[in-house]
Amino acid sequence: MAPNIRYGETPQLVKDQFDFFLKNGASGIKSLDDLQNLLNFTQICNSLRFGIESAYIHYLSKIQNLPVYSFLGLDEPKNIFTAYTLPIMQIGEIQSFYEKHQLERFKYLKLKINSENGFDLLKEVRKLSSQSIMIDANESWQNVEELIKFLEKIKKDNIVFVEQPLPYNFEEEYKYLKQNCTFDIFADESITDKADFKKLTEQFHGINMKLMKSGGYLNGIRLLKDAKKHGLKTMIGCMVETSLGISSAMNLCSLTDYNDLDGFFVIDNEPFNLITEKKGQLFYSKT
């Protein structure tokens, strides 16, 4: 699990809430419904809720000798190509970062930018690669007209989509952007464990669902399926997570159009080794 400081989640809060969960009926859980009722009662943070729910579902799957995706009623995930993220960095660092991590093997790159250096960063990456790029703007723009001008400058580039370029509460600006933008716009901060899909379809072309924000497999599946029902494209993303978290997200990839599941690459001495990667494609390790 990966606590998210944006939502007030800290390691100490997680520990305190887990202790509260254990003391308030955890030993009496006999079914998934029992677990859901207790999780709703304790109102613990979403990352912890996911950790507890996923552990129990993995336990039930093992008892029934089923892959987790089958237990969840999903098709086997296939062709799981992940993006690899280039964080915001100095222009002069991009080439060495690209070469050090051998990024030419990935089908997609995800480029984090801000409103000040976005064009220059993209231009520098393009000196190295013609790969498809997902742009993650992290709510950096405050002015929608300036954002549209920036997107016009790069409209001939090989951009898959632009993720959350304006603050999540700029609802009217997102409606305007969707009508006046060359690229697909994806929601990230605009979707957590809840989603108003009537509003989201007016503002975005797709969503980025993260299990650590959704609070569990069951709600994550609901969000992805509801997004599809409303005509939105889907992606599953991650925080900085071990292969335990990433392999959990892989169980839902039959429901996604894109995957951004590179969080385990940046962890030194990653402890679980549940995933192998070849040419940007993820596979469950054989154990």
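Preceding this paragraph is the structure being described.
Here is what the cut-offs are and how they apply
- Residues numbered from 1 in each chain as written.
- Predicted model: local features only at pLDDT ≥ 70, side-chain atom pairs only at ≥ 80, totals over all residues.
- Heavy atoms only, no water.
- Buried < 20%, exposed > 50% of the residue type's maximum accessible area, 1.4 Å probe, protein only.
- Helix = DSSP H or I, 4+ residues; strand = E, 2+ residues; numbered from the N terminus.
- Pairing = 2+ DSSP bridges.
- Right-handed = clockwise from strand over helix to strand, strands pointing away.
- Core = buried A, V, L, I, M, F, W, Y, C linked by side-chain atoms within 4.5 Å.
- Contact = heavy atoms within 4.5 Å.
- 1 Å grid on protein atoms, 1.4 Å probe; cavity = no way out; pocket = protein on both sides within 12 Å on 5 of 7 lines; lining within 4 Å.
- Points joined across faces, edges and corners; volume = space filled by probe spheres on them.
- Nonpolar A, V, L, I, M, F, W, Y, C, P; charged D, E, K, R; others polar.
- Salt bridge = Lys/Arg side-chain N within 4 Å of Asp/Glu carboxyl O.

Peer 1: What should I look at first to understand the pairing of strand β3 (residues 108-112) in this one?
Peer 2: Side chains on a regular strand alternate between the two faces of the sheet. Buried residues dominate β3, accounting for 4 of its 5 residues. The sheet contact formed by strand β2 (residues 83-86) and β3 spans 4 bridges and is parallel. Opposite L86, over in β3, you have L111 as the bridge partner. In terms of handedness, the path from β2 via helix α5 (residues 94-100) over to β3 forms a crossover that is right-handed. Bridge count for β3 against strand β4 (residues 132-136) is 5 bridges, and the pairing is parallel. The residue of β4 that forms the bridge with Y108 is S132. A crossover connection joins β3 to the parallel β4 through helix α6 (residues 118-126); in handedness this β-α-β unit is right-handed.

Peer 1: In this structure, what is going on with the side chain of S61? I would like to understand it.
Peer 2: As for its position among the elements, S61 is in helix α3 (residues 46-63). With a relative accessible area of 2%, S61 lands in the buried category.

Peer 1: Got a minute to help me understand the nonpolar core in this structure?
Peer 2: Looking at soluble globular proteins, one finds that nonpolar side chains tend to be buried together. Counting 83 residues, the largest nonpolar core has L86, L151, L177, I207, L252 and L261 as its most contacted members. A per-element tally of this core places α3 first, with 6 residues. Sequence-distant contacts of I207, that is, excluding residues within four places in its chain, are made with F186, A187, I191, F197, L200, L223, A227, L232, K233, T234 and M235. Of all hydrophobic cores here, the second largest spans 8 residues; its members include A83, Y108, M235 and Y258.

Peer 1: What should I look at first to understand the layout of surface pockets in this one?
Peer 2: Empty space among the atoms becomes visible once a probe the size of a water molecule is rolled across them. There is about 700 Å³ of room inside the largest pocket. What lines the largest pocket is a set of 25 residues, and nearest its centre among them are H58, V68, L244, S247 and L274. Every element with two or more residues in the lining of the largest pocket is listed here: α3, α4 (68-71) and α12 (243-250). Broken down by element, the residue count for the lining of the largest pocket peaks at 7 residues, all from α3. Broken down by class, the residue content of the lining of the largest pocket amounts to 12 nonpolar, 12 polar and 1 charged. If you add up the space inside the second largest pocket, you get close to 480 Å³. Forming the boundary of the second largest pocket are 24 residues, of which T85, K112, C238, M239 and V240 lie nearest the centre. Among the elements of the structure, β2, β3 and β7 (206-210) are those that each provide at least two residues to the lining of the second largest pocket.

Peer 1: Help me out: how do you make sense of the pattern of salt bridges in this one?
Peer 2: Should the charged atoms of two oppositely charged side chains come close, the side chains can pair. Counting across every chain of the model gives 20 salt bridges. For the salt bridge of E277 with R105, the shortest nitrogen-to-oxygen distance reads 2.9 Å. Here E277 is found in strand β10 (residues 275-278), whereas its partner R105 is found in the loop between α5 and β3, with 172 residues between them in sequence. Under the relative-accessibility criterion, R105 is labelled partly exposed at 24%. Among the ionic contacts, a cluster of salt bridges with common partners joins K110, K112, D136, E163 and D260.

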